[in-house]
Amino acid sequence: MASGEVFDTKTKSLSVPRVNLLTMFRLGLFQMGLSMMSILTLGVLNRVMIQEIAIPATLVSVVLALPLFVAPSRVWFGQISDAKPLWGYHRTAYVWLGAAIFAIAAFLAIQVIWQMNVAGNSAGTWVWTTQTIGWTALLALVFAVYGLGICASATAFAALLVDISEEDNRSKVVGVVWSMLMVGIIVGAIISASLLKQLTPEATVETLQPAINRLFTIVPAIVFGLAIAATFGVEKKYSQYSTRSTLVNREDSITLGNAWKILTASPQTGIFFTFLLVMTISLFMQDPILEPYAGQVFKMPLAESTKLNIFYGTGLLIAYGVTGFYIVPRLGKRRTARLGCMLVAFCAILLGISGFTANAAVLKLSLFFFGLATGFLTTAAISLMLDLTAAEAAGTFIGAWGLAQSISRGIAVVIGGTVLDIGRKLLPSLELAYGLVFVLEAVGMVLSIWFLNRVNITEFQTSTKQAIASVLESDLD
């Protein structure tokens, strides 16, 4: 028996060798890259489109949400990665191909936005014309393709984490890997701010264009390289020992139809899916409006508002490390998630109150605390998600959870932009309009606790194992 392999007497198979800390950090490079891309789309593009180009916030939020609304493809990508190897790999090749697609699409998106500006601002303000409608449709298509790349890559990556980890060490894997996501937010914010630092609040779109083009060339290239570095050789080393590997040798053992039967075998799947929906909507409503909030209420220039992600990311980074290694093992995953929901609700209110101070330091401190609370919650929620994932159909379940998270994040982005537009029309001040978004976030967090209290991992595992056994037995008949 090779060093590091463990024989499981119950399953009569080799279990997964323990993933060492170095491998966890290397895997985290992929999450680091994803968060850097997020900085570009929801940290730069939202500010440019809403404030500099003056596109209506509702339209901006819908377009930016499109990559999230193609999330139903995650279930398909997950099932395909379970059953059909690509270039000899069940996970790695999908990660790389998806990363190439979303990196190219990100660069194309900014080029379309410049054309939208030329077509829509010819009269000095945003106007709807045949040209602007056409460019908007093309931008929507590019963002949809970008989203498909994210779905393919991220779903296969998360399934890989299930393949190579076990229930008792997943909170540590999540803590390390998702900590790197926060490193990506900080690094992405620093790179963005350094490339945009020469721009003043009064900078014209023509001045912005060269700097942002350079940003959208350098960062996607870095992210693609990180995706390769993160996953190279990992699947080959670990996945041959996983429970999934006993099934994928029969490529048709779990078809899409059978995957659906397994997915719906336990009512707990629907309960946890709903919890993820409500929680994620409440967590990300501020995504499309945070940088405009900094620009319009706190009068920050573009580079300065982009650097806000450093404070948010620092809080997340601290919380991921501490929660995964110390809090979850002591409080348990569900109790930690429940406490996280309450902390996020409190910090959302704090963000809203900061607007009335018009003090950038208060906003930065509030974002740091919001990052701490978010990291506290998401570490517990992701650990729960991996526990509610059958190893034999990991890609399918990860696709379902990814669907819940992506659809809800897309809804959150649309709600955030729409509520801001409504608030600006109905409320007497910008502070109140933005504050309305943060109050809705807090209310949603309280509601998500009710669904969390109904989650039962043991019931899920029992029902799902029975469904998998039934599917495999029927295939053998």
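Note that the structure is predicted; figures quoted are calculated from it, not measured. (Residues numbered from 1 in each chain as written. Predicted model: local features only at pLDDT ≥ 70, side-chain atom pairs only at ≥ 80, totals over all residues. Heavy atoms only, no water.)

**Focus: the overall build of the chain**
Then, in step 1: Along its length, the chain carries 19 helices and two strands.
Then, in step 2: Burial analysis of the chain (477 residues in total) assigns 59% to the buried set.
Then, in step 3: Expressed as a percentage of contacts within the chain between residues at least 6 apart in sequence, the contacts between residues at least 24 apart total 84%.
Then, in step 4: For the chain, the exposed surface amounts to about 18,300 Å²; the carbon and sulfur share of it is 67%. (Helix = DSSP H or I, 4+ residues; strand = E, 2+ residues; numbered from the N terminus. Buried < 20%, exposed > 50% of the residue type's maximum accessible area, 1.4 Å probe, protein only. Contact = heavy atoms within 4.5 Å. Areas by Shrake-Rupley, 256 points an atom, 1.4 Å probe, with all protein chains shown as cover.)

**Here's the deal with unusual backbone geometry**
Then, in step 1: Despite not being glycine, Lys299 shows a phi value in the positive range, around 60°.
Then, in step 2: Mapped onto the elements, Lys299 comes out in the loop between helix H12 (290–296) and helix H13 (302–306).

**A look at a nonpolar patch on the surface**
Then, in step 1: On the surface, Trp87, Tyr89, Leu97, Ile101, Leu138, Leu141 and Val145 cluster together to form a nonpolar patch covering roughly 630 Å² of accessible area.
Then, in step 2: Those elements that provide at least two residues to the nonpolar patch are helix H4 (92–120) and helix H5 (130–164).
Then, in step 3: Counting residues per element, the nonpolar patch draws most heavily on H5, which supplies three residues. (Patch = residues over 30% accessible without salt bridge, like charges linked within 9 Å, V, L, I, M, F, W, Y side chains within 5 Å. Salt bridge = Lys/Arg side-chain N within 4 Å of Asp/Glu carboxyl O.)

**Digging into the packing of helix H14 (residues 308–331) against helix H15 (residues 333–354)**
Then, in step 1: With their axes 6 Å apart at the nearest point, H14 and H15 run at an angle of 110° to one another. Between H14 and H15, the angle falls in the class roughly perpendicular. Two secondary-structure elements touch here, H14 through Thr323, Ile327, Val328 and Leu331 and H15 through Lys333, Arg335, Thr336 and Leu339.
Then, in step 2: Looking at the contact of H14 with H15 residue by residue, the class counts come to four nonpolar, two polar and two charged. (Axes fitted to C-alpha atoms, helices over the stretch in contact; angles between N-to-C directions. Parallel < 35°, antiparallel > 145°, perpendicular 65-115°, else oblique. Nonpolar A, V, L, I, M, F, W, Y, C, P; charged D, E, K, R; others polar.)

**What about the packing of aromatic side chains?**
Then, in step 1: Going through the model one piece at a time under the given rule, you end up with ten aromatic pairs.
Then, in step 2: On the basis of an interplanar angle of 70° and a centroid distance of 6.2 Å, the ring pair of Phe102 and Tyr146 is categorised as edge-to-face. One end of the pair, Phe102, is in helix H4; the other, Tyr146, is in helix H5, and 44 residues separate them in sequence. Accessibility classification places Phe102 together with Tyr146 in one group, the buried group.
Then, in step 3: Here Trp450 and Phe451 contribute two aromatic rings whose centre-to-centre distance is 5.0 Å and whose plane-to-plane angle is 85°, an arrangement assigned as edge-to-face.
Then, in step 4: Among the aromatic residues, those joined into a cluster by ring pairs are Tyr293, Phe298, Tyr434 and Phe438. (Phe/Tyr/Trp six-rings, centres within 6.5 Å; stacked < 30°, edge-to-face > 60°.)

**Focus on the pattern of salt bridges**
Pairing is possible between side chains that carry opposite charge, provided their charged atoms lie close to one another.
Then, in step 1: Tallied over the entire structure, the rule returns one salt bridge.
Then, in step 2: Linking Asp421 and Arg424 is a salt bridge whose minimum nitrogen-to-oxygen distance equals 2.9 Å. Placement of the pair is Asp421 and Arg424 together in helix H17 (residues 394–426), with a separation of three residues, close to one helical turn.
Then, in step 3: You can call Arg424 partly exposed: its relative accessible area is 30%.

**Topic: helix H2 (residues 57–69)**
Then, in step 1: With 13 residues, H2 ought to run about 18 Å at 1.5 Å a step, and its terminal C-alpha atoms sit 18 Å apart, in line with that.
Then, in step 2: Within H2 the residues assigned to the buried category are Ala57, Leu59, Val60, Ser61, Val63, Leu64, Ala65, Pro67 and Leu68. (Expected span 1.5 Å × (residues − 1).)

**Re the confidence of the model for the chain**
Do not read the predicted coordinates in detail wherever pLDDT is low.
Then, in step 1: On average, the chain scores 76 in pLDDT, and the residues at 70 or more come to 76%.
Then, in step 2: Taken as a whole, residues 241–254 scores under 50 in pLDDT and shows 43 contacts with residues more than four places along the chain or in a different chain. (pLDDT = per-residue confidence, 0-100.)

**As for the nonpolar core**
Then, in step 1: With 64 residues, the main nonpolar core has Leu139, Ile212 and Phe216 as its most contacted residues.
Then, in step 2: Taken together, the elements giving at least two residues each to this core come down to helix H1 (21–52), H2, H4, H5, helix H6 (170–196) and helix H7 (205–231).
Then, in step 3: Tallying contributions element by element places H1 first for this core, with 13 residues.
Then, in step 4: Apart from the residues lying within four places of it in its own chain, the contact partners of Leu139 are Met49, Val63, Ala109, Val112, Ile113 and Met116. (Core = buried A, V, L, I, M, F, W, Y, C linked by side-chain atoms within 4.5 Å.)

**Re the environment of Val328**
Then, in step 1: Among the secondary structure elements, Val328 is positioned in helix H14.
Then, in step 2: Under the relative-accessibility criterion, Val328 is labelled buried at 5%.
Then, in step 3: A sequence separation of 48 residues divides Val328 from Phe376, and the C-alpha atoms of the two residues are 9.1 Å apart.

**Structural notes on the environment of Ile382**
Then, in step 1: On the secondary structure map, Ile382 appears in helix H16 (residues 360–387).
Then, in step 2: For Ile382, a relative accessible area of 7% corresponds to the buried category.
Then, in step 3: Between the C-alpha atoms of Ile382 and Lys333, which are 49 residues apart in sequence, the distance is 9.1 Å.

**Some thoughts on the side chain of Asp421**
Then, in step 1: Take Asp421: its relative accessible area is 16%, and that puts it in the buried class.
Then, in step 2: A polar contact is formed between the side chain of Asp421 and the side chain of Arg424, at a distance of 2.9 Å.
Then, in step 3: Beyond its immediate sequence surroundings of up to four residues, Asp421 is in contact with Pro56, Ala57 and Thr58. (Polar contact = N/O pair within 3.5 Å; in protein donor to acceptor, adjacent residues only side chain to side chain.)

**A closer look at the environment of Ala358**
Then, in step 1: Along the polypeptide, Ala358 turns up in the loop between H15 and H16.
Then, in step 2: Filtering out sequence-adjacent residues up to four positions away, Ala358 remains in contact with Val297 and Phe298.

**Section: the side chain of Thr378**
Then, in step 1: Tracing the chain through its elements places Thr378 in helix H16.
Then, in step 2: Setting aside chain neighbours within four positions, we find Thr378 in contact with Leu283 and Tyr320.

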